[in-house]
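Chain by chain, the residues:
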Amino acid sequence: GVTITILLGTLIANLVIGPFGISDLDFLRVPAGIRPTLNLSDGSPRPWLVNPMGIERPFPVWGIFLTIPFALGLTILGYLDQNLTEVIVNK
């Protein structure tokens, strides 16, 4: 699907540039290296492994407890979605 389309589009673009002399084809500019895009207040990039209790300031403990009902709701939603889909498909 998507992977084949990207590979095919890249192949066609590279084939068109050479023989037909098309030079106004814009390509996506990508960085030379892979690094986190979020910079901290001191200008350094964010570390790859993020401390769940906060990077620049402490994460409030109440925030962890606030997420529990939302996580339970999404867990129930995922469980029901999976099981109801299975019941419908296996009918």
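Conventions we followed
- Residues numbered from 1 in each chain as written.
- Predicted model: local features only at pLDDT ≥ 70, side-chain atom pairs only at ≥ 80, totals over all residues.
- Heavy atoms only, no water.
- Helix = DSSP H or I, 4+ residues; strand = E, 2+ residues; numbered from the N terminus.
- Rg over C-alpha atoms; globule rule 2.2 N^0.38 Å.
- Buried < 20%, exposed > 50% of the residue type's maximum accessible area, 1.4 Å probe, protein only.
- Areas by Shrake-Rupley, 256 points an atom, 1.4 Å probe, with all protein chains shown as cover.
- Lys, Arg positive; Asp, Glu negative; His and termini not counted.
- Charge placed at Lys NZ, Arg CZ, Asp CG, Glu CD.
- Patch = residues over 30% accessible without salt bridge, like charges linked within 9 Å, V, L, I, M, F, W, Y side chains within 5 Å.
- Salt bridge = Lys/Arg side-chain N within 4 Å of Asp/Glu carboxyl O.

1. A short note on the overall build of the chain
Then, in step 1: Helix and strand counts for the chain stand at 2 helices and 0 strands.
Then, in step 2: Here the C-alpha radius of gyration of the chain, 24 Å, is well above what a compact globule of 91 residues would show, namely 12 Å.
Then, in step 3: Across its three principal axes, the chain shows a C-alpha extent of roughly 60 × 60 × 20 Å.
Then, in step 4: With 91 residues in all, the chain has 4% of them scored as buried.
Then, in step 5: Of the roughly 8,600 Å² of accessible surface on the chain, 70% is carried by carbon and sulfur atoms.
Then, in step 6: In the chain, the 5 positive side-chain charges and the 6 negative ones have mean positions that sit 5 Å from each other.

2. Section: a nonpolar patch on the surface
Then, in step 1: Taken together, the side chains of Met53, Phe59, Val61, Ile64, Phe65, Ile68 and Leu72 define a hydrophobic patch exposed on the protein surface, amounting to about 640 Å² of accessible area.
Then, in step 2: Mapped onto the secondary structure, Val61 falls in helix α2 (residues 61–89).

3. Considerations on the environment of Phe65
Then, in step 1: With respect to the helices and strands, Phe65 occurs in helix α2.
Then, in step 2: Judged by its relative accessible area of 55%, Phe65 is exposed.
Then, in step 3: In this structure, the C-alpha to C-alpha distance between Phe65 and Thr5, residues 60 residues apart in sequence, is 44 Å.

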